[in-house]
Amino acid sequence: MNLLIKKLQTGSFSAALLLTPFFSTFLVTNYANAETPPAVNDPLLHAMQVELDREKALLLPGMQHPYFVEYRLDDLASYEAVANYGALTREEENHQRIVRVTVRIGDYTVDSSTSRGDGTLELAPTDNDPEALRYALWTATDTAYKNALRAYSAKQAALKQFQSLQAQPDFAQAKPVVQVSPVVAIQLDRDEWKRRIVEASGLFVSDPQVRSFAEHVQYSTANVRGIALNRYLVNTEGTVVRQGYTGYEGAISVGGQAADGMRLSRDNGTVAVNPKELESSAAFRKRTIEDLKSFEELRNAPVVAADDYHGPVLFSGDASADVIDRLLVPNIEADRPDMGTTARTTGAYSSSFKARVLPAMLSVTDDPLQAKFDGKALLGAYNIDDEGVPAQSVDVIIDGKLENFLVGREPVKDFDTSNGHGRAAPAQAAHSRAGVILVKSNQPLSRGELNKRLLSMAKEQGRDVYSVETLGGELLPRLLYLVHPNGTRQLVRGAIFDELDNRSLRSDIVAAGNDPYVSNSLDAVPRTTIAPSLLFDDIEVKRATLEQQKLPYYEPPALSGK
């Protein structure tokens, strides 16, 4: 079995089970009411439909019948090129197809599903051979059926430990959907982008604006990547879907150490749905030069004061989007808790339904149907989710109060049906995930007004305050400025935010901007977050406890000025 399949497989997998294939029909009551899927001119969809129909014709007496079967095929193409120090160091292209077969035993109320997600994986042919695809589906279905039988028995035994039955069904019913969209492909000028990243990774040496401090740069990396995912879905409810998306990213990363050994870096890039919306060559070059300059500024910046600070911090839209992504979004995605618990969902908002989680001036909507914002295509947009349910716009937070969760076909308390947010990473089970998150204020201020508000707070408190432009992993401030009451700013380094958490979101935001920042994330499940600048009145800023790193013992190679 391919190592990729072993890595992606959920649950235990035994290749020996593939030697004795058998399968049973699902309960015909579900399929009898579904419309007969129309014939489509696609060899993959056709093979999937034919095999699904064949499997339901088999019968094994005495075995529990499946009530739901789903076939999903992920056709994933990817391309990436990487350059270091002004030279191309890696270029690779990959194309792979993986089928995921889900079999559910029981019924919609209680079935064999588990919290980790169900399904069996198998590599699929990349040459559109229908017989080879059907064989892969057959072996995966057989294994999925056996796993479901075992899981259902174990679940029935586990449920007997609890006094009351679960209130929500295990799986939400959905009307069949038929949508066959055009196939997508990577459309990238590879030679041009290889030229760009090679040039960008060597600018620290070649550009006169930054050459004077080139010896301080310990690494300089640029890369470009593109993906195209075509997803095929058929199930026994009659759903037939073919849809896809593309995503592209050009990124730059430069870094090194300050004189005291502190490691510093600047990492960012351009992300888009289609390559035409990526930055131009001139803009990408300018971004790289600015990153190099800000890296040198960081090297020469003072370390943040040793005394802990509690007070105002102004977050740019870029930084605010990261805060929303990290603290809010995972908690409005309704992941079902383990059996026997009374919580509505997992996460910080498990008991916050109808409670205030943001200031009353802020509202949050997730609208996957919004394909563009200010003319820019959004990566998180989609029409049909990965469980075959039409996408819906959901007002999650209204005037600060949590009014809804994002829900897939796994119900939670008070949410028995999907609102079109069941989404899946390649080859993985679908879970409740966000699409296009939009944060709005009913009292928006311009950036100038926000800065005035920040300075007013500084004068009232008689001290310096802070403003942060960008964040790194774990919400660490990358570009943090100490703002003096007279309006001047000083870059500082080595800080962390302490107690930046959900309580801060609920109680410490005192103003929001009218400057929405669009953050497209080309993650395993693409997402877009659109957020304005946010002013917090009480965030703790403290010096990070970092182990001193030794500087390089040897000088860098002599620069040729190429």
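Residues numbered from 1 in each chain as written. Predicted model: local features only at pLDDT ≥ 70, side-chain atom pairs only at ≥ 80, totals over all residues. Heavy atoms only, no water.

(A) Broad picture of the side chain of T239. By the secondary structure assignment, T239 is in the loop between β5 (217–235) and β6 (240–257). With a relative accessible area of 1%, T239 lands in the buried category. Side-chain polar atoms of T239 contact the backbone nitrogen of V177, separated by 3.1 Å. Filtering out sequence-adjacent residues up to four positions away, T239 remains in contact with K175, P176, V177, L233, V234 and G388. (Helix = DSSP H or I, 4+ residues; strand = E, 2+ residues; numbered from the N terminus. Buried < 20%, exposed > 50% of the residue type's maximum accessible area, 1.4 Å probe, protein only. Polar contact = N/O pair within 3.5 Å; in protein donor to acceptor, adjacent residues only side chain to side chain. Contact = heavy atoms within 4.5 Å.)

(B) Expanded view of the environment of A343. Within the fold, A343 resides in the loop between α7 (317–332) and β9 (362–366). For A343, a relative accessible area of 33% puts it in the partly exposed group. The sequence separation of A343 and G420 amounts to 77 residues, and the corresponding C-alpha distance is 22 Å.

(C) View of the sheet that holds strand β12 (residues 394–398). If you walk across this open sheet you meet the 6 strands as β13-β12-β9-β16-β23-β22, and the pairing is mixed. Each having just a single partner strand, β13 (401–402) and β22 (517–521) make up the two edges of the open sheet. (Pairing = 2+ DSSP bridges.)

(D) Summary view of helix α4 (residues 130–159). Helix length check: α4, at 30 residues, gives a terminal C-alpha distance of 41 Å against a target of 44 Å (1.5 Å per residue), a fit within 8%. Near the N-terminus of α4, the side chain that reaches the backbone nitrogen of E131, with its oxygen 3.0 Å away, is that of D129. (Expected span 1.5 Å × (residues − 1).)

(E) Here's a closer look at unusual backbone geometry. One non-glycine residue with positive phi stands out, namely Y85, at about 55 degrees. The residue Y85 is located in the loop between β1 (66–84) and β2 (87–105) in this model.

(F) View of the nonpolar core. Counting residues in each nonpolar core, the largest one holds 58 residues, and the members touching the most others are F315 and F497. The leading source of residues in this core is α7, at 8 residues. Sequence-distant contacts of F315, defined by excluding residues within four places in its chain, comprise S320, V323, V468, L471, F497, L500, S533, L534, F536 and I539. Counting 35 residues, the second-largest nonpolar core is a separate cluster that includes I197, F284, Y481 and L491. (Core = buried A, V, L, I, M, F, W, Y, C linked by side-chain atoms within 4.5 Å.)

(G) Structural view of the pattern of salt bridges. Tallied over the entire structure, the rule returns 40 salt bridges. Measuring nitrogen to oxygen at the nearest pair gives 3.2 Å for the salt bridge that ties R90 to E92. For R90, a relative accessible area of 34% translates into the label partly exposed. E403 is paired through a salt bridge with K354; the nearest N and O atoms lie 2.6 Å apart. Of this pair, E403 sits in the loop between β13 and β14 (422–423) while K354 is found in the loop between α7 and β9, placing the two residues 49 residues apart along the sequence. (Salt bridge = Lys/Arg side-chain N within 4 Å of Asp/Glu carboxyl O.)

(H) Highlighting the confidence of the model for the protein. With 91% of its residues at a pLDDT of at least 70, the protein reaches an overall mean of 90. Ignoring residues within four places in sequence, the model shows residues 1–37, a span with pLDDT below 50, making 94 contacts including any to other chains. (pLDDT = per-residue confidence, 0-100.)

(I) A look at helix α5 (residues 190–206). Taking 1.5 Å per residue as the helical rise, α5 with its 17 residues ought to reach 24 Å, and the 23 Å between its terminal C-alpha atoms agrees with that figure. The largest bend in α5 comes to about 35 degrees, at A200. Of all the residues in α5, the buried ones are W193, K194, R196, I197, A200, S201, G202, L203, F204 and V205. Residues of α5 that are buried sit in contact with β1, β2, β5, β6, β7 (263–272) and α6 (281–300). (Bend = angle between axes of the 7 residues up to and from the residue.)

(J) Structural view of the packing of α5 against α6. Close contact between α5 and α6 brings their axes to 10 Å; oriented N to C, the two are set at 20 degrees. Taken together, the axis directions place α5 and α6 in an arrangement best described as roughly parallel. Pair α5 / α6 crosses with right-handed handedness. When α5 is examined against α6, the residues E192, W193, R195, R196, I197, E199, A200, L203 and F204 are found in contact with a partner set consisting of S281, F284, R285, T288, I289 and L292. Tallied by class, the residues present in the contact of α5 with α6 amount to 8 nonpolar, 2 polar and 5 charged. (Axes fitted to C-alpha atoms, helices over the stretch in contact; angles between N-to-C directions. Parallel < 35°, antiparallel > 145°, perpendicular 65-115°, else oblique. Left-handed = near helix turned anticlockwise from the far one by under 90°. Nonpolar A, V, L, I, M, F, W, Y, C, P; charged D, E, K, R; others polar.)

(K) Structural view of the packing of aromatic side chains. This model, assessed by the stated rule, comprises 12 aromatic pairs. Pairing F405 with F415 gives two aromatic rings, centres 5.8 Å apart and planes at 90 degrees, and the pair type is edge-to-face. Placement of F405 in the loop between β13 and β14 and of F415 in the loop between β13 and β14 is noted, with a sequence separation of 10 residues between them. Accessibility classification places F405 together with F415 in one group, the buried group. Cation over ring: R190 sits above Y79, and NZ or CZ is 4.3 Å from the ring centre. The ring of Y481 carries R489 above its face, with NZ or CZ at 3.9 Å from the centroid. (Phe/Tyr/Trp six-rings, centres within 6.5 Å; stacked < 30°, edge-to-face > 60°. Lys NZ or Arg CZ within 6 Å of the ring centre and 35° of its normal.)

(L) Expanded view of the pairing of strand β23 (residues 527–531). Of all 5 residues that make up β23, 5 are buried, and the element is covered over most of its length. Residue alternation in β23 divides its side chains into two sets, R527, T529 and A531 and T528 and I530, and both sets are buried. As paired elements, strand β16 (residues 436–441) and β23 share 3 bridges and run parallel to each other. Following the sheet pairing, L438 is matched in β23 by I530. Hairpin connection of β22 to β23: 5 residues between the antiparallel strands.

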